[in-house]
Structure formats: structure tokens, C-alpha cells
Amino acid sequence: MTRRLAEVAKKVGVSEATVSRVLNGKPGVSEATRQSVLTALDVLGYERPTQLRGERARLVGLVLPELQNPIFPAFAEVIGGALAQLGLTPVLCTQTKGGVSEADYVTLLLQQQVSGVVFAGGLYAQAEAPHDHYRQLAERNIPVVLVNAAIARLGFPAVSCDDAVAVEQAWRHLASLGHERIGLVLGPADHMPSARKLAAARAVTGDALPDEAVARAIFSIEGGQAAASKLIDRGVTGFICASDPLALGVIRAARRRRLGVPGDISVVGYDDSALMNCTEPPLTTVRQPIDAMGRAAVELLNAQIAGTSVPAEELLFEPELVVRGSTAQAPRG
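The name given to the chain in an unreviewed UniProt entry is LacI family DNA-binding transcriptional regulator, with the source organism recorded as Streptomyces griseoaurantiacus.

The structure is reproduced here in C-alpha cells:
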């Protein structure tokens with residue numbers, strides 16, 4: 001007990017006597033200090049006293065599907081910073097292959113009595129994935145916000161980059177450069193953002209997009225490379241990719257075939273994640289407005305925590321085409 005008091009007191013910057021007063025429900029402690037002590041208990045992994053367990057912690061789960069794609073650490077930085085400004089402590093939950101699942105993380109977060117959860121990518125974007133843990137959150141009235149396109153029926157507010165506008169921008173850019181054989185490198189068929197991008201491409205072409213111009217891949221450089229090889233064989237010269245790592249995979253596939261980028265093929269990524277201006281060639285990509293989306297997600301979450309009713313609607317944010325060195329005039333002949 002003494003060790004616990006000392007650790008919590010050091011974490012918060014108060015005396016052990018103040019921590020003791022909070023734990024025993026005694027008066028004479030400001031609400032701000034009281035909340036700081038309770039949050040420190042949660043962060044350090046100590047159980048709250050029985051009489052305080054009914055209160056939700058000032059912790060917020062931040063669930064990410066991975067950290068290898070630079071876009072997810074970027075979202076984590078923005079969302080985590082915005083939460084901290086509100087006195088909320090983010091608990092980062094990152095999935096790893098063969099490790100803790102998204103559903104397991106939700107169970108752990110519920111045990112910690114978190115104030116809410118932000119999902120920045122995850123199973124909610126996959127139609128064929130299990131979704132019971134989302135229903136569990138809804139049944140317990142835990143505030144939740146989803147980042148980017150989700151399946152229908154979950155009933156949570158969401159902030160998304162407009163996939164349709166992203167594809168329109170990329171397609172028109174490639175078409176303006178003379179590319180007539182444009183292909184898409186997308187995620188799995190049940191991945192909602194990819195489904196939206198495909199629908200947008202079909203709309204741009206007047207539903208004339210051939211199936212052979214679409215390749216599916218797992219979201220990685222290797223996945224992009226494998227998908228690009230098929231499309232290159234089919235004569236595609238302009239590539240629109242569902243992520244920056246996929247686009248880097250397309251460039252790798254081109255180089256393995258001794259094709260120039262952008263001399264022989266042009267490549268457009270999606271996200272404008274870190275260091276894409278440092279690749280060779282610098283990547284033309286469609287930028288997600290990460291700062292605006294992250295702040296909006298936290299605002300929606302904080303409103304729910306405060307008891308305000310938030311419609312289960314999707315806020316769409318406008319992307320921006322960033323033209324760099326991976327796109328050029330289509331090769332002649």
C-alpha cells in the first residue's frame with residue numbers, strides 16, 4: 001500500500017497524504033487533483049478502491065490495426081495530443097499478427113473502465129470480419145468514434161476522408177497526362193474504403209472500368225508489388241493505389257521489370273504519409289487531412305463523454321492531390 005501511494009504521488013506530483021485522501025474518499029482535494037490521482041492509478045495498473053470503481057477512468061482507448069504503415073502513427077500522434085489537451089490519457093492498443101486481437105483489447109479497455117474508444121482503422125472497415133466487440137461497446141454505452149469508412153449498422157459516429165473525391169482527383173490527374181490504361185491497386189474485397197474507391201472509379205469511367213484493371217492486395221509493399229505485376233502484364237500505365245505502401249510496391253515491381261517511373265508507368269499513392277517526399281522518385285499521392293480528422297474525432301468523443309447526444313453520422317473530409325515525381329506523361333505507342 002505504501003509503495004502504491006508513493007508511486008501515484010510521484011506520478012501526479014502531490015503528497016502521499018493527498019493520494020490517501022482521494023483513495024479514502026475524504027474531502028479537501030480539488031476535483032482536478034482527484035481526477036489526476038484516479039488516472040494515475042489506471043495508468044500504473046492499480047485497481048481503484050471499490051467505492052470508486054463505478055466511475056469511468058480518464059483513459060481513452062486508441063486502437064490501431066498496425067504501426068508499420070506510417071499513416072497510423074501519424075493519426076495516433078494527432079489524436080493522442082488532442083486527448084491530452086482535454087485531460088484524457090490515450091491507451092495505445094496496436095494489433096500484431098498472432099498477438100492480442102481487437103476484441104481482446106476491447107475486453108481489456110472495458111476492464112479499465114475507459115471513458116471512450118477511438119478506432120483509427122480496424123475490423124469495422126471489413127464487412128466479413130467479426131464485429132461482436134463493437135456491439136458490446138454499444139450495449140455498455142461507451143463513447144466510440146471510428147476513423148475512415150466503416151460498414152453499416154454499427155451505429156457509431158465516424159470521421160472519414162472522402163474516398164470518392166480521392167479517386168476522382170487521382171484519375172483526372174493521370175488522364176490529363178494522357179494515360180488511357182489506368183488501373184487500381186486496392187485492399188481486400190470486403191474492405192470498405194477500397195469498395196468506395198472502386199465505386200468512384202466506376203463512376204468516373206461511366207461504369208466502363210474493366211475487371212482486369214483492378215487488382216487486390218494486402219496492405220503492404222509486398223502486396224502492392226504482387227498486384228502491380230498482374231496489372232503491368234495487362235498493359236496498365238497509370239496506377240491508383242489505396243495506400244502509400246501499396247504504391248511503393250508498384251514502383252518496386254516496375255523496377256524489377258526494368259521499367260521507369262514515371263517514364264514508363266505513373267503511380268499515385270494514398271495518405272501522403274511520412275517521408276513520401278523522400279522516396280525515389282518522390283511519390284505523387286492523395287493526402288488525407290490527418291490533423292483535421294484527428295481533432296474532429298476527439299471532439300466527437302469528448303462530446304459523448306460529456307453526455308451530449310452525437311448523431312451516428314459520418315463526417316467527410318476533403319483530400320488533396322499532392323503532385324510529385326512519380327507521375328508524368330503517358331508513354332507513346
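Draft legend 1. Focus on empty space enclosed by the protein. Under the defined criterion, the tally for this structure stands at 1 cavity of 30 Å³ or more. Quantified by volume, the largest cavity comes out at close to 40 Å³. What lines the largest cavity is simply Ala166, Val167, Ala170, Lys197, Ile240, Cys241, Gly269, Tyr270 and Val286. Ranked by the residues each element gives to the lining of the largest cavity, the list is headed by helix 7 (residues 163–176), at 3 residues. Of the residues contributing to the lining of the largest cavity, the split by class is 7 nonpolar, 1 polar and 1 charged.

Draft legend 2. The arrangement of the sheet that holds strand 9 (residues 266–271) in detail. Across the sheet, which stays open at both edges, the 6 strands sit in the order 7-6-8-9-10-12 with mixed pairing between neighbours. The strands lining the two open edges of the sheet, one partner per strand, are strand 7 (214–216) and strand 12 (320–322). Between one strand axis and the next, the sheet turns by 20 degrees as a mean value, whatever way the strands run. With 4 bridges joining them, strand 9 and strand 10 (residues 284–287) adopt parallel strand pairing.

Draft legend 3. How the structure looks around unusual backbone geometry. With omega at 15 degrees, the peptide bond leading from Val261 into Pro262 counts as cis. Note that the residue after Glu280, namely Pro281, is joined by a cis bond; omega there is 0 degrees. Tracing the sequence through the fold places Pro281 in the loop between strand 9 and strand 10. A positive phi is found at Arg258, a non-glycine position, where the angle reads about 60 degrees. Mapping Arg258 onto the fold places it in the loop between helix 10 (244–256) and strand 9. Under the relative-accessibility criterion, Arg258 is labelled exposed at 80%. Even without glycine at this site, Asp272 takes up a positive phi of about 55 degrees. Within the secondary structure, Asp272 sits in the loop between strand 9 and strand 10.

Draft legend 4. Looking closely at the sheet that holds strand 1 (residues 59–64). A sheet is described by the order of its strands in space; here 6 strands give the open sequence 2-1-3-4-5-11, paired in parallel fashion. Each edge of the sheet is formed by a strand with only one pairing partner; in this case those strands are strand 2 (89–94) and strand 11 (314–317). Sheet twist, expressed as the mean angle between neighbouring strand axes with direction ignored, is 20 degrees. Bridging between strand 1 and strand 2 involves 6 bridges; their strand directions are parallel. In the strand pairing of strand 2, Val60 is matched with Pro90.

Draft legend 5. Quick look at the layout of surface pockets. In this structure, the largest pocket occupies an estimated 1100 Å³ of space. Along its surface, the largest pocket is lined by 41 residues, and Pro65, Glu66, Asn69, Phe72 and Phe219 are the ones closest to its centre. The residue inventory of the lining of the largest pocket, partitioned by class, reads 20 nonpolar, 14 polar and 7 charged.

Draft legend 6. Just the packing of aromatic side chains, in detail. Counted under the stated rule, the structure contains 3 aromatic pairs. Ring plane angle 70 degrees and centroid distance 6.3 Å describe the contact between Phe119 and Tyr124, whose orientation is recorded as edge-to-face. A centroid spacing of 5.1 Å and a plane angle of 65 degrees characterise the contact between Phe119 and Tyr134, whose relative ring orientation is edge-to-face. Here the residue Phe119 occupies a position in strand 3 (residues 116–119), and Tyr134 occupies one in helix 6 (residues 132–139), the gap between them amounting to 15 residues.

Draft legend 7. The arrangement of the pattern of salt bridges in detail. Applying the stated criterion across every chain yields a total of 10 salt bridges. Note that Arg196 is salt-bridged to Glu314, the shortest N-O span being 2.9 Å. Of this pair, Arg196 sits in helix 8 (residues 192–204) while Glu314 sits in strand 11, and the two are 118 residues apart along the sequence. Salt-bridge contacts for Arg287 lead to Glu320; the nearest nitrogen and oxygen are separated by 3.4 Å. Residue Arg287 is found in strand 10, and its partner Glu320 is found in strand 12; the two are separated by 33 residues along the sequence. Through salt bridges with shared partners, one network takes in Asp272, Arg287, Glu320 and Arg324.

Thresholds applied
Residues numbered from 1 in each chain as written. Predicted model: local features only at pLDDT ≥ 70, side-chain atom pairs only at ≥ 80, totals over all residues. Heavy atoms only, no water. 1 Å grid on protein atoms, 1.4 Å probe; cavity = no way out; pocket = protein on both sides within 12 Å on 5 of 7 lines; lining within 4 Å. Points joined across faces, edges and corners; volume = space filled by probe spheres on them. Helix = DSSP H or I, 4+ residues; strand = E, 2+ residues; numbered from the N terminus. Nonpolar A, V, L, I, M, F, W, Y, C, P; charged D, E, K, R; others polar. Pairing = 2+ DSSP bridges. Axes fitted to C-alpha atoms, helices over the stretch in contact; angles between N-to-C directions. Buried < 20%, exposed > 50% of the residue type's maximum accessible area, 1.4 Å probe, protein only. Phe/Tyr/Trp six-rings, centres within 6.5 Å; stacked < 30°, edge-to-face > 60°. Salt bridge = Lys/Arg side-chain N within 4 Å of Asp/Glu carboxyl O.

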